[in-house]
Amino acid sequence: MIPRASLGSGSKMAASGGKGPAMDPWRIFPDVTPDQMRAEAERQAIKGKLRTAMQAKLRDPYAVGNFEDPALTRWYYVRNHQFDNFKQTPKTSFLGITFGVVPVVFLTWLFLKDRRKMKQDWLKGIGRNKASIINF
Amino acid sequence: MNHLVLGYVGLVIGVIVTKKSMVWRVGQVGSVLLMLPATVLVNMNMTISNVSYMMTSDFVSLGLTVLSIWLLPLMLLASQQHMVSESLIYQRVFVGCQVFLTGALVLAFMASDLLLFYIAFESTLLPTLMLITRWGAQKERYQAGTYFMFFTLVGSLPLLICLIGQYQMVGSLALDLSYEGVFQLSYLVNFWWVGCILAFLVKLPLYGVHLWLPKAHVEAPIAGSMVLAGVLLKLGGYGMMRVSLMWGATAMLSSEVFLALALWGIVVMGGICLRQTDLKSLIAYSSVGHMALVVGGVLTGVAWGYNGAMVLMIAHGLVSSCLFCLANLWYERSSTRNLSGSRGLIMIFPLISLGWFLMSLMNMALPPAINLFGELVAMVALYNWSPYSIVYMSLGAVLTAAYSLYLFGMSQWGNTMKNYKNLYTITSREYLLTTLHLVPAIYLIFYLGLMF
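This structure is a prediction, so every number in the text was calculated from the model and none was measured.

About the criteria used
Residues numbered from 1 in each chain as written. Chains lettered and ligands numbered in written order. Predicted model: local features only at pLDDT ≥ 70, side-chain atom pairs only at ≥ 80, totals over all residues. Heavy atoms only, no water. Helix = DSSP H or I, 4+ residues; strand = E, 2+ residues; numbered from the N terminus. Buried < 20%, exposed > 50% of the residue type's maximum accessible area, 1.4 Å probe, protein only. Contact = heavy atoms within 4.5 Å. Areas by Shrake-Rupley, 256 points an atom, 1.4 Å probe, with all protein chains shown as cover. Lys, Arg positive; Asp, Glu negative; His and termini not counted. Charge placed at Lys NZ, Arg CZ, Asp CG, Glu CD. UniProt positions renumbered as here; feature names shortened; annotations may be inferred. Salt bridge = Lys/Arg side-chain N within 4 Å of Asp/Glu carboxyl O. Buried area = accessible area lost by both parts, 1.4 Å probe. Axes fitted to C-alpha atoms, helices over the stretch in contact; angles between N-to-C directions. Parallel < 35°, antiparallel > 145°, perpendicular 65-115°, else oblique. Nonpolar A, V, L, I, M, F, W, Y, C, P; charged D, E, K, R; others polar. Phe/Tyr/Trp six-rings, centres within 6.5 Å; stacked < 30°, edge-to-face > 60°. Lys NZ or Arg CZ within 6 Å of the ring centre and 35° of its normal. Core = buried A, V, L, I, M, F, W, Y, C linked by side-chain atoms within 4.5 Å.

> Even after reading the chapter, I still don't get the overall build of chain B, so can you show me in this structure?
Looking only at helices and strands, one finds 19 helices and zero strands in chain B. Buried positions account for 64% of the 452 residues belonging to chain B. Taking the contacts inside chain B whose residues are at least 6 apart along the sequence as the reference set, 81% of them involve residues at least 24 apart. As displayed, chain B offers around 16,000 Å² of accessible surface, 71% of which is attributable to carbon and sulfur atoms. Of the side chains in chain B, 19 bear a positive and 13 a negative charge, and the two mean positions are spaced by 17 Å.

Structure below.
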């Protein structure tokens, strides 16, 4: 005898409560058509197969040799070749000037001002910092 | 002291003519034996002294000479693995390149004439170029070699012109003469001074002209990376100290631009290191940051600055070289330098993690390592030069600690990657390599004569 509670609902351990996608409150999207849902489910199925293949290779006890994850390789290629694909845009110009030119110019001006004052003080006989111990 | 350089010439010849089974043995044993003549160089006077026919040794050159002599057997030790499958003639050229490079470096550090120093400085370029472009691992090595050569050559041409001009004005380029009061104070002196130090600023490298360094360090084989990070960068610092004999006064008058670049460079390099995904690239960018502090120390013109820069150079040479060795021993096993692709190494290689740990701690200038003392002394000199520098130096120090810990944490902790299946244990050769880096670094903690 099949208990009535299990009809239309699978394991109560599943997050969806065992209900199918049509009845699962977490999966009802008002702005997504059923065609799009089906396409997304197909994509997830392909990704699931790829994941399973990767896990099989990872957990294979007889494997010898390193194997690379192509997604990781692609990610590293992008990160390490950003300079080769640099394009001058207002944003990159702004960033370059703000973090490359302005600090150096500002620091140069700051040091020139401070050193000029220091040298004038030195000629007048005033020490650098009156209470400093490193006046040598 | 000529016999030290002649020893390297003899070692190159020895490597070329010996039979196949003895090439590496001759190279390694010979390079270890050549440390013995270096013991006569111990002369800790600050000023130029002990001048023989064309060479001198004083405190400044001693440390770096011994460092370059020490690094040669280590370079040969580190390259054994990837050179096993090369043909005999290439092995001979490889070992010969490194021996020639070390000989040129020793000549450069011991030269008592600025033109001899320049010749040796330039002659270190060619073996390094050969190491990078022939034995590098990726196709980007050609661009790396080009950047390396052209940056250094463009920087050093003004140096040659200024040295020749100095020779015509003064009549000699010997280092044991004092040049004070030779030139009248005109604004042209600044250009002369910039011409003299531009080569060394490119070599160090200073922040604005540092583009060659990450490329060259990453694309070079392990021997190339070790010698680049360990000694070749220090040629720049050493050269600046030598020409400061004449130009020290000008440096004290007009070094604001370079110090601004250097100080901002420490901060920027700290930030860039935190974003790196390549293990070797992170260590390479950290070299730029450390050398920027050396620039700062030298350009202040005071004795504390020179001392701090000196100690920092020796410390950084050992630490960076060891970090490259450690990165390389992972690269040889996994064929990857990716930072997030090399995690959890403390579980796979526990004992070599000690090497990673100690070197990362020394890289972030943890006391009692000599890195700290070098940084501290250089920072004090810079603070005396201008108190506003403390902001950037402290920010730089914090970021240095951050990326050193990031490097150690990303590589050692975390879950191990399961896609590396043929990891063989760390060989005793690699333990020896790490030990030979660690022992001088720890010994120098107790050798206070280095600084004071």
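Further notes follow.
> Teacher, can you tell me more about the UniProt feature "transmembrane region" (unreviewed entry) in chain A here?
Feature annotation in UniProt places "transmembrane region" (unreviewed entry) on residues 93-112 of chain A, given in this structure's numbering. The span residues 93-112 of chain A is 100% helical and 0% strand by assignment, and the distance between its end C-alpha atoms comes to 27 Å.

> Before we go on, may I ask you to explain the pattern of salt bridges in this structure?
Between side chains of opposite charge, a pair can form when the charged atoms approach closely. Residue and element names in this part refer to chain B. Enumeration according to the criterion identifies eight salt bridges over all chains in this entry. E86 is paired through a salt bridge with R134; the nearest N and O atoms lie 3.2 Å apart. Taken together, the residues span a long stretch of sequence, with E86 in the loop between α4 (80-83) and α5 (88-110) and R134 in helix α7 (residues 125-135) at a distance of 48 residues. Ionic contacts of the salt-bridge type, sharing partners, join the residues E332, R333, R429 and E430 into one network.

> I keep staring at the interface of chain A and chain B and nothing clicks. Help me out?
Many descriptions give the size of an interface as the accessible area lost when the pieces come together. Taken together, the contacts link 35 residues of chain A with 34 residues of chain B. With both chains or domains summed, chain A and chain B bury close to 3,100 Å², and 59% of this area falls on carbon and sulfur atoms. Counting the surface chain A buries against chain B, the share from its top three residues, A:N66, A:Y76 and A:F111, is 21%. Inspection of the region where chain A meets chain B yields zero salt bridges.

> What should I look at first to understand the environment of A:K57 in this one?
By the element assignment, A:K57 lies in helix α1 (residues 34-58). By relative accessible area, which is 45% here, A:K57 ends up partly exposed. Expressed as a C-alpha distance, the spacing of A:K57 and A:F67, which sit 10 residues apart in the sequence, is 8.5 Å. Contact partners of A:K57, with chain neighbours within four places excluded, come to A:F67 and B:K421.

> Explain the packing of helix α11 (residues 222-254) of chain B against helix α14 (residues 303-334) of chain B here, please?
What describes two packed helices is the angle between their axes and the distance between those same axes. Residues and elements named next belong to chain B. Packing of α11 against α14 brings their axes to within 8 Å, and their N-to-C directions diverge by 170°. In terms of their interaxial angle, α11 and α14 are classed as roughly antiparallel. Residue-level inspection shows I222, S225, M226, A229, G230, L233, K234, G237, Y238, M241 and S244 of α11 in contact with α14, the latter providing Y306, A309, M310, M313, H316, G317, S320, S321, F324, C325 and N328. Split into classes, the residues belonging to the contact of α11 with α14 amount to 12 nonpolar, nine polar and one charged.

> So what exactly am I meant to see when it comes to the packing of aromatic side chains here?
Both the distance between ring centres and the angle between the ring planes are used here to describe each pair of aromatic rings. Residues and elements named next belong to chain B. Taken as a whole, this structure holds 19 aromatic pairs over all chains when the rule is applied. Note on F109 and Y238: the rings are 5.1 Å apart at their centroids and 85° apart in plane angle, and the pair reads as edge-to-face. Placement of the pair is F109 in helix α5 and Y238 in helix α11, with a sequence separation of 129 residues. These aromatic residues form a ring-pair network of at least three members: F109, F117, F121, F200 and Y238. Over the ring of Y90 we find R134; its NZ or CZ atom is 4.2 Å from the centre of that ring. The aromatic ring of Y147 is capped on one face by K215, whose charged end is 4.9 Å from the ring centroid.

> Explain the nonpolar core here, please?
A general trend in soluble globular proteins is that nonpolar side chains are found buried together. Residues and elements named next belong to chain B. In terms of nonpolar packing, the biggest core is built from 166 residues, with M240, L299 and W356 touching the most fellow members. With 18 residues, α14 is the single largest residue contributor to this core. With near-sequence residues (within four places) excluded, W356 lies in contact with L279, L323, L326, A327, L345, L407, F408, S411 and Q412.

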